[in-house]
Each structure stands twice: as C-alpha cells, then as structure tokens.
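A structural walkthrough
These are the residues of each chain, in order.
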Amino acid sequence: MDHSRKMIAGLGSLALAAAGTVAFATSALASGSVTVGITTALSGPIAELGQTGLQAIELAAADANAKGGVLGKQVKVVSADSNLSPATGATNVRNFILDNHAVAIFGPVSSAVAVAEEGVAAKYKTPIFFSTSNDVKLATTNYTKYMFQVVPDTHMEPAAVARYLADAVGKKHITIATITPDYSFGRDTVASFLKSLKADGVNYTVKAQETPKLGASQYTSYIAALIAAHPDYTFMGQFGGDLVTLTKQAEGFGFFKHTKPMAMYGRAQLKALKGKVPAGAIAWDRAPFWAMKGPGMEKFSEAYNAKYHEWPSAWAVMGYTAFETWAQGVEKAHSFNGDKVSAALSGATIKTIRGPITLRACDHQGDVGEYVGTIAAKVNPKYGFQTYAHSKLIPAKDIILSCKITTAEQPKS
Amino acid sequence: MLKIDEIHTYYGQSHILQGVSLEIAAGECVALLGRNGAGKTTTMRSIMGMTPPRRGRIALDGAEITGLSTHQIARAGIGYVPSGRRVFSELTVRQNLDLAAHDAKGTVGPWTVERVLEMFPKLVELSGRGAGFLSGGEQQMLKLGRALLRNPKLLLLDEPTEGLAPVVVKDLFRWIKRLMREDLSILLSEQNSSFALNISDRGYILEKGQIRFSAPSSELANSREIRTYLGIDSKTVAG
Amino acid sequence: MNLQVIVIEGLSAMTTAASLFIIAAGLSLIFGALRVINVAHGTLYMYGAYFMATLFAASGSGWLFWVGLLVAPLFVAAIGAIAEVTLLRRVYERDHLVQLLVTYSLFLILSDLALRFWGTASLSANQPPSLSGAAMVGGVMFPAYDLFVIGCAVAMGLALWALLGRTMLGWKIRAAVEDPETLAASGTNVKRLFTLVFAIGSGLAGFGGAVIAPLQSVDPGMGQSVIVSAFIVAVIGGLGSIAGAAIGATLIGIVEAVGIFYLPSWAPAFIFVAMIVVLAVRPVGLMGQKLGY
Amino acid sequence: MAAQPALPPVADQISRKRDQGLHPAVLAAGLAVIVLMLAAGPDYLGQSALLELELILGLAVFAAATNLLLGYGGLVSFGQATFYGIGAYAIALNWMHWKLPFWLAFSAAPFAAALAAFFVGLIALRARKLYFALLTLAFSQLFYVVAEQQYHFTGGANGIFGKMIPPALAVPQNGYWFILGVAVVALLALWKITVSPFGLLLRATRERPERAESLGLNVFGHQLMAFVLSGFFCGLAGALYAVYNQNAYPELLDWVKSGDPVMMSVIGGMYSFLGPVVGAFIYEIARQFLVGTTRDWQLILGVVLLVIILFMPDGLIGQFKHGLPWRKGGRK
C-alpha cells in the first residue's frame, strides 16, 4: 500500500540519519517536543509538598531543555492538581497520557493517590516516578514494571531512624512513645520503626501509642496522654503542617524537657518553627540539601533558590532527581517508549545531583539512603532556620528490604 | 397626607392587589374594610414596603415613597402596628420600648417613653417582663406604644381588635379617639366593621384586591346593602 | 489514673473546647440572625490566622501580637461585610440549600485567593514572649498559651452574652432574629444590621484564627479541617444559641479527651457519634429552638 | 406504599404542575437519539472521552438518585456519598475478602446501600431541614472515619485497588456499554418512581407537608421509603464507579463527595428529572477541564457556581424552560 510504503521509506531515512552523524540526528529531532505530566497536591493542607516538587521538576525540565532537551526533544511539563483525591489523580494521569501524549508521569504526594495513579500509568504502559509518596506497597503488592521509586520507602526511612537510635543508645534500656497520623503512612512507619529497633537489638519498651487524625488542629489531649507515659524518646510520625502544630503544642507543655523527640523536620517545618525546634531532637529528612555534599547539589540548591526565592525542600531535591532518572532512562533506551525506558532503567545506575542511584531490578526501588541528624541549637544564618548539628547518611544497603522479601509480595503474572 | 394610586401587588405569582387607590387626609381616620383575604393586610404591607407593589405609586405628603425600603418609609413618618402577637417576645417590655425609642431618635413630636407609659400605666408594672408573656390587650398597648414613639404623621393599625376581649376593645376605642384628638392620621384595617365604622371618618371596602365602595363611615354604616355585605350584626355595635 | 493526669486531661479538654467554641460562636451567631450556615466560616478563620502569621512573622516582637489580635478581626470582618453585601444579601429569601451553596462558592473562592496570596508553605506565628512557656496549674505543667486561649474563649462568651443581653445592638439583633419586618417598621435598617452581624460573626472567626495561629501551623488546609468540627459543635448546641455552642464545645472537648484516653483508635469517630446521639434525642440540638427551618 | 384513596386531589394538583417543557413524545425521541449516540460512542470517541463518560454516567445516576430526595422530597442530604461509597466498597471488599462472583457482589451492592440507608434514614429523618442535612453529613463522616480506620478490613486510607471486575468487563468498550446500559435502566427506573403515585405523594410531602399529613399520608414513611430508594440507586452508582475505576477508598464516603450530586442537581435544575443528569455532565466536564488547565480552578469553579445559583434559580434546565437569560433579562 502507498501509505505503508511511505512509512517504511520514512523509517528507513530515519534509520539512515541515525546511522549517520549523531549531531545530524540530534538536530533533526530537536524540532519536536515531548510532554511529561505531574499531578500532585497543589491545594489543601499538604500543597507545599506538591508545589515544591512541581517547581523542581519544572526547573529540571528547563535545565534539560537548555542543554538541548532529552534525546534531542524539548520537554514540556503539564501539571494538574490532584486535590488529594485518588479519583482526580487517576483521571489526570489518564488525560495526560491520552490527551497530552505524556511519555512519563511524576508522582503525587499521598500514597492513596499514588496507588491510584500507579495503576493508570501501568495500564497505558507509561513510566511513573515516585519522588514524594513512598509507600512500600507501591513497589511490592502494587508493583508494576513501569514504576520507579527514588525516595526511601516506608520501610527504609524508619529503619534508618532506628539504626541511628540504636547507635546512640547502645545496650541501655529505653522507653518509647509514638504518635503518628492515623493514616497508612503513619501506621506503616511506626510499625517498621519498632520492628527495626528490635532487629537492631535495642532494649526498649513502648509506653504509649497515639494516632490522631491527619490534619488535626488540637493535639493537647494526645500530648497529655504522652506526658502521662513518661517516655525517654517520642517518635513523631507527623509530617508537613501537622508536625509544626504538634511541635508547637507539645513545646507549650514543656514536653520536650522530659523526652527526646524524633521527627521528620524538613526545610518547611524548620522554617515555619523559626528556631523553636527543640535542640538535640533527632530529625530525619529524605534529602536535606544542607547536609548533602557534592557540587551538583550545591548548584541545584542555589539555582532553585534563585528561581523560587526559597531553599529546596526534600520533595524538590527528589523531584529533580526523578526527572534526571527518567531523562537518563530515555537516553539509555534511546526511546521514549515506556517499555523500553522501563527496561533500560531496571537495574541501571543513574547519575543525579545527589550522587549515583541504582534502581534495583527486582522492585525498581532506588538505593537512596536517609539522612538522620540532631537539630542544632542555633539558626543557620545563611538559610534562616535550624539545620542539623550532626548528621549521618544511613546508606540504603543497611535499611533496604531484600529483593527476596519484596518480590514475594509482588503480584504474580 | 397619604395618596395611593392604582397599586398592584403580588405574592409570588398571585395577583393580590389589583389597582387599589385610596387617600387619607391630614387628621383623618380612614377604615379599610373587607372580608378575610380581601387584601387589607397586603395594602398595609404595600404601604410599608414589605411587599412592594409592582405597579402604581404611593406618596406621603406629596413625596413618593414607592420603592423605598421599610425602614425608610417608617422614617418618613409612618407608624405601623401589625396584627397578631408581633412583639419582640424575647425582649422585655421596657427593651421593646427603648428599642423603638432608639430607632426614633431625631424625630420631633410629643411621644417619649415616659409619655407612652403615662398613656398605658399597665406597662410600667410589666416593664421587666418578657414581652412574649403579655396578654393580647397588653401586647396591643405595647405595639401601639412602640409605633407612637416614632412620632408618626400617619398610623397604620392592622386588625387591632383581633382576638381582644370586649372590655379591651373598649379601651382601644378610647385610645384611638385620643390619638385622633392629637391630630394623628390613621388608617385602620378591620374585620370588626362596626367597630371601625364607629370610629372612622371615612371607609373603603375592599373585595378581591379591588376597592368596591368608598364613602363617609356614617353612610356606609347606614346602608343596608353594605351592612349585609359586611355581615354586621346590628346588635353588636361597639363604642 | 492519678490526679495529675486528671488535671492535665481536664485542662486539655478545656483547651479543645475553647478553640472549638471560638470557631463555632461566630458561626452560630450568624446562623441565629441570618439563618445562614456559612461554609466559608473556616476559611475566614484561616484568613485571621494568615493575617496574624504575616504580621507577626515580620518582626516577632511581642507587641505586634496584640496589634494583630485587634487588627486581624477587623480585616476579616471587612471581608465578611463585602461578601454579605455582594452575595448573601441576594439569597436570604431563597432556601437554605441555595444559601449553603453560595457560601460554599465563597469557600472555594477564598481558599484559592489565600493560595495566591500566601502560597502553599506552612507559616507560623510565634507565641508572644509573655505567654510562651509552661505555667503551673494544680501541680502540673500546662502551656501558658493554652490557658490564654481558654481565657479568650471565656472572654468571648461573656462579651457575646453582654452584647446580646445588655446593649441596644444586641436587642436589635435578637429582635431581627424574631421578626425582621417589624423591626424595619420601627425604623431600623435591617439590611445594614444583617451586614453588621455577618461582619461581627466573620470578625469572631478572624479573631479565632489570630488567637489559634501561634498554636499551630498556618497552612492552606486549616480552614477545611475545622469547619466540620465547628458545624458539629454549633449543631449539638442548637444553631443560633451562643450558650449552646459553649455547651457543645465543652461536650466535644470532653468526649474527645475521654475517647483519646480510653479508645484512641476510635476517637475520631466519637464526635460524629456524639452528634448523632444528641440529634436523635433532641432533633434541634441541646439549646435549639423549634423554628420554621 | 399504600396509596390511600383519599389522596388523589393532592396528587392530581401536583401532577398538573409537572414539567410543562417539550412535548413528551419529542422529549422521548430526543432522549432516544442521545442514548443511541452514546451507545455508538466507541465508534467516534477517543479512549479518554469514553472513560470520562463512564465516570459521568455513574455520577448521573448518583445525582438523579440524590435528587429524588432533594427535588422531589425537599430533603437536603449531605450524606449520599455514604451509600455511593458502600456500593463501591461492596464490590471491592468482596474481591478482597470473600471472593464471591463479581455479578453477585454487583447485584448485592445496591441492596447493601439500601439497608444502610434504612438505618440512617430511621435516625436522620427525625430531624428537620438543616438539622437533617447536618445529621446525614455526620453519618457520612462516621462511615468515612470507620473506613479509614478499619485498616485490615478496608485497606485504610489507601483503599482497595485491584482486578475486581471480570476480564470481559475490563475490555474498554464492554465496560463502557455495561455502564451505559445499567445507567440508562437505572435512570428509567428512577423516572418511573418519580411519576408513580409514590413519587407524586412524595412531592406532596415536600410542597404541603401539613396538608399531606392531615389527609392521612404517612409523611415519615414516605420520606423513609424515598431515602431507602435513593440509597439503593446511590449504591448502584457506587458499584458502577467500582466497575469504572476498579477501586474503593474512603474519599468516596466523604461529605465533600456528598456535595457533588447536590451541586449537580442545583446546576442542572432540581425541579426536573433530567436536571441532575445534565448537571452531572456539565459539572464533571467543567471540573475536569478546569483542573487540567488552570491552577486557579477553585476560584473559577466558585465564580461559575455563584453565577448559576444567583442568576438561574431553577438551574440550567429551568433556565431553558423559562427562556434564555439574555433574552428575558432576569426573572423577577
């Protein structure tokens, strides 16, 4: 047929061009553009997580475009608010893929939305990159070969904190209380934390476990219950604004004089609390730019600060990393095709601003470590908030679940 | 004093007043008569701007008041005594009066809280009582007092005898007579036609939203046709 | 359970109750006079908190806190007044559903505008130095600021009681609740009175936000998370009744505290159960009156 | 429902007030054409449009079922998502725990929702107007909190995701036709209910409850029946959602979700049967469009809603009947 002959001719000439000089091929392709989609929380209580992640991905796309694009194509970023609703998130992903012809999806904030989006992306064989939500289920029970997680999962993160604590307390007996949002993230985190403590041989007793609802505005009754428990350490699983609220209210009780708090104090919380984070608190963060070494990281945080007039959150650092991961996957596969990109990234090692990341072939989890440290007493003059006095990168190899465990839970087919 | 010219008033889709015109001269007491649902209360409410007419005009002392809101019409000099138990039942008697006096600030005229209490001495002893606990006659005093505090030029009395004991009706008769002596213009809507015709100078008869007759009250009272129409029993003429 | 725990639990229940009352009182006042359920009330509360966080973040010196406490309510009251004049005034005659949807639209619009003005990040207002730290109450440490919040709630309750019971404005509001037409016939500009009531109710929300701001993270979700609890408190107490709101807030404060202590995993469900039980027994709320709505 | 012989006058009065829009035959023909066009959808619509339609068809049933209470019964419920969510959860929970055949779960879903509606209605209908609305809201939140907390049973906040529908339905066109078929049948059944003696008596309870009561009509009983029927169809709509998206999660039970069908009914017009259906199409398409194109979607949605509420009191369908707004210049 005339039509197919034309296509064959076209493909042939393309192949010729590719086989010819690389420079020629690149300039020929540069005329086109390609779209990636990000749907995340852009309104509501945890919009900060989505917003900073989106900003970083836009910055990453701009950086890539300035260098000639990905595989010679300029990258366009489309975004939409998931409004924290799984249905909206899933529909957005579908629309990105079907209507905008998006070739990659970047992940949402809450795990409920992530699970919904993961399914849709897989249905349309489009790679999806999780850089904020970190539910271990995304890579186990809900695993699809199109997902990649470049953030420590809900097992790794608390395991890192447990390891840090184990190193600090040694053989001493300690009492622990936990307070986590009544939400799958909170539940999984606290369960993994306690399990990891046991695995690390820590001699502990749990005195109280509280689970206020996500987005609560009053914690006094919970704090009162915690005070009654007299724990040596209090593991606080709240994140975002909830952690700010909890810290402020607990501070008023003088609670932190009697217990050592442990929580995910990131850039936003440190900034919002303006020097009022209890000094010596054990804090962790998936990607605290101030504690991360390397010229790439420095360049990124300066550029981010110059563009958005704020320092990057962990969500921003990882959003950038996610984009880098996808871009290198495309370069390796030499294609935007989802199956090819997925195959190229599976087991690959990617160069990112935070250093090399290897995406395990068994579950596509990146071998990213977690940063754990103690909060400094004083505000860092350059950044305007308290950073860590001491910090440690707990490497992924110490905390990541074995492939045997994760693959056992993956769907069989 | 008040001139109503061809007003049409609606409640939703239903056409209640179909071109009502009437006039009240200064110092005159005019009765508005008719059966239940003839449009008496709607006429009152139209004047007060509570259910503004869609067509026609109303003028007070030559100045048009159609389209003004209720409080502006009240401030223009019309006092309104609604029918039924419409006192502010959660407030005390004294608070009811003070509230009206506060609203009347700046008006010129003889009526003050003291003078109202002089006219209705019963209210003095009741002043601390919740207005919702008053008897029908006491509430009538309070409503009248409240309206007078405005120092109005024109007083609208909507069904004042409704639900009152005969002895209180007699009191009411005296009060209205006294107000007439003070040169207050009054528009009185009544079911109790004999009461109304006895006290008023002129009368209008409303039927189905239209004025059917208008004549001096004595003439209306003497016409057998009208008496039959209004169903006046010749034995129960009050006053 | 020892005495200390009882004291702390009791005080925390009161703090919860206080902050609920602070939000619910304005909602109930507006409903009482205007018969409108204001879905945007939580958002107005958020505006108060944002205002405080913006002002207080600028310097952090103590006196600005007191300025904020005065100015934030005025700022929010002005927003409320504008909303009343441009939107709500048009729908008093329509049914409740329409009014509800108008305030819901207002909620959407105000939430979006807040995102534009203040961004997505959590802001925070510090506690003024004079009120930070812990105080000793009944042998236990309790946050001084929480005591201040309880004090504010009591002061607000008393002020509303005095306003409604002792002032001409209060009498007029109560008269307007009962019979706006007759009130207008005595010469009161009822429209303006309604605007004023809506502004006062909004101002109370703004005051609440400004008071609570130093106790929590000020972020785009804060209006949404309080509005349902505020409804529940106002409804349990009986819509329109300030005393009812106080009782409802206390009840919820106690139910929550007890629930958290004994059955933490079910505690969030308790306030809904409380509301269902109260309304099943008294369909108009504890202090509500049977009215034609 | 016992149709008392004493009642025809009320019912008759109301039936005369029925939709005086297009001639019924024209309307029926028009609707048939629309349904046929929808049925042929896979021939000319893209995949994303088809999926969008699947969602909207379910929502249309949800809105029409809610409007049975709202427009016909005068009962404003902010808790219909309870039943929508139960419908979806019935399928998801069966898939996760009991593994009974899908068709059994699908058929049982509306009955489960109706049963829940019976108990909720029994309590909520004791309260009046606003209190009723807020009580249904409280039930909605109660179910929401429970679904979020009973982690091991319901999957908690993440909900349940998985291959819960038979492979035949997972084929995009089959799924679409199935949802279209069920939705059309459900809408027809709902319409039948609204024009039945029961539907007319229900309107009587809305328009003149005292009169209806004095004529011996059991107002509470009728309202409860309406609540159960509405719950049944909301549950069916929820089951259609599970077919469309193969999941169930707590947000489906939230009061915000309950607000959706109310909004759709008001936008489309709650005093005509098709109003909520039209509202569902317009609301969902507009919302999708705005969310996808602008960060300020809440602002625009709010303004659009205001315009409709303030200037089109009977919704878009009502507006169509009364004449176009720019032609008549206000209705007052």
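Residues numbered from 1 in each chain as written. Chains lettered and ligands numbered in written order. Predicted model: local features only at pLDDT ≥ 70, side-chain atom pairs only at ≥ 80, totals over all residues. Heavy atoms only, no water.

**Brief notes about a nonpolar patch on the surface**
Residues and elements named next belong to chain C. Residues Ile 254, Val 258, Tyr 262, Leu 263 and Trp 266 make up a contiguous nonpolar surface patch of about 480 Å² in total accessible area. Tracing the backbone through its elements, the reader meets Trp 266 in the loop between helix 10 (242-262) and helix 11 (267-281). Judged by its relative accessible area of 32%, Trp 266 is partly exposed. (Patch = residues over 30% accessible without salt bridge, like charges linked within 9 Å, V, L, I, M, F, W, Y side chains within 5 Å. Areas by Shrake-Rupley, 256 points an atom, 1.4 Å probe, with all protein chains shown as cover. Salt bridge = Lys/Arg side-chain N within 4 Å of Asp/Glu carboxyl O. Helix = DSSP H or I, 4+ residues; strand = E, 2+ residues; numbered from the N terminus. Buried < 20%, exposed > 50% of the residue type's maximum accessible area, 1.4 Å probe, protein only.)

**As for the state of the cysteines**
Residue and element names in this part refer to chain A. In the structure shown here, the tally under the stated rule is one disulfide over all chains. Between the sulfur of Cys 362 and that of Cys 403 lies a disulfide, 1.9 Å long from S to S. Linking Cys 362 and Cys 403, the disulfide has an S-S dihedral of approximately -70° and is accordingly described as left-handed. With Cys 362 in the loop between strand 12 (355-358) and strand 13 (370-380) and Cys 403 in helix 15 (residues 403-409), this pair connects stretches of sequence that are 41 residues apart. Given a relative accessible area of 17%, Cys 362 falls into the buried group. (Disulfide = S-S within 2.5 Å.)

**Quick notes on the interface of chain B and chain C**
Contact with chain B, which involves 22 residues of that partner, is made by 18 residues of chain C. Buried area between chain B and chain C, summed over both chains or domains, comes out near 1900 Å², and the portion from carbon and sulfur atoms is 52%. Interface area lost by chain B to chain C is led by His 71, Phe 88 and Glu 90 of chain B, which between them contribute 27%. Counting across the interface, chain B meets chain C through five salt bridges. (Contact = heavy atoms within 4.5 Å. Buried area = accessible area lost by both parts, 1.4 Å probe.)

**Quick word on the nonpolar core**
In this structure, Val 102 of chain C together with Phe 83 and Phe 106 of chain D are the most contacted members of the largest nonpolar core, which totals 240 residues. A per-element tally of this core places helix 4 (residues 47-72) of chain D first, with 16 residues. Each residue touching Phe 83 of chain D, except ones within four places of it in the same chain, is listed here: Ala 113, Ala 116, Ala 117, Val 120, Phe 227, Gly 231, Cys 234 and Gly 235 of chain D. Residues Tyr 183, Leu 246, Ala 263 and Ala 272 of chain A belong to the second largest nonpolar core, which totals 124 residues. (Core = buried A, V, L, I, M, F, W, Y, C linked by side-chain atoms within 4.5 Å.)

**Describing the sheet that holds strand 5 (residues 63-64) of chain B**
As summarised here, the arrangement of the four strands in space is 2-1-4-5 (chain B), forming an open sheet in which the pairing is antiparallel. Looking at strand neighbours, the two that pair on one side only are strand 2 (14-24) and strand 5 of chain B, the edges of this open sheet. (Pairing = 2+ DSSP bridges.)

**Some words on the packing of helix 5 (residues 81-98) of chain D against helix 7 (residues 129-149) of chain D**
Residues and elements named next belong to chain D. It is at 9 Å that the axes of helix 5 and helix 7 come closest, and there the two elements cross at 30°. Judged by the inter-axis angle, helix 5 sits roughly parallel to helix 7. On helix 7, the residues that touch Ala 81, Thr 82, Ile 86 and Tyr 89 of helix 5 are Phe 139, Ser 140, Phe 143 and Ala 147. (Axes fitted to C-alpha atoms, helices over the stretch in contact; angles between N-to-C directions. Parallel < 35°, antiparallel > 145°, perpendicular 65-115°, else oblique.)

**What about the pattern of salt bridges?**
This model, assessed by the stated rule, comprises 32 salt bridges over all chains. With its nearest N and O atoms 3.1 Å apart, the salt bridge here joins Glu 302 of chain A to Lys 382 of chain A. On the criterion of sequence distance, the pair formed by Glu 302 of chain A in helix 11 (residues 295-308) and Lys 382 of chain A in the loop between strand 13 and strand 14 (385-394) is long-range, its members being 80 residues apart. Salt-bridge contacts for Asp 103 of chain B lead to Lys 172 of chain C; the nearest nitrogen and oxygen are separated by 2.6 Å. Separated into two different chains, Asp 103 of chain B in helix 3 (residues 93-103) and Lys 172 of chain C in helix 6 (residues 168-178) make up a pair that spans both. Here the two residues Asp 103 of chain B and Lys 172 of chain C agree in accessibility, since each one is buried. Among the charged side chains, a network of salt bridges with common partners joins Arg 163, Asp 200, Lys 397 and Asp 398 of chain A.

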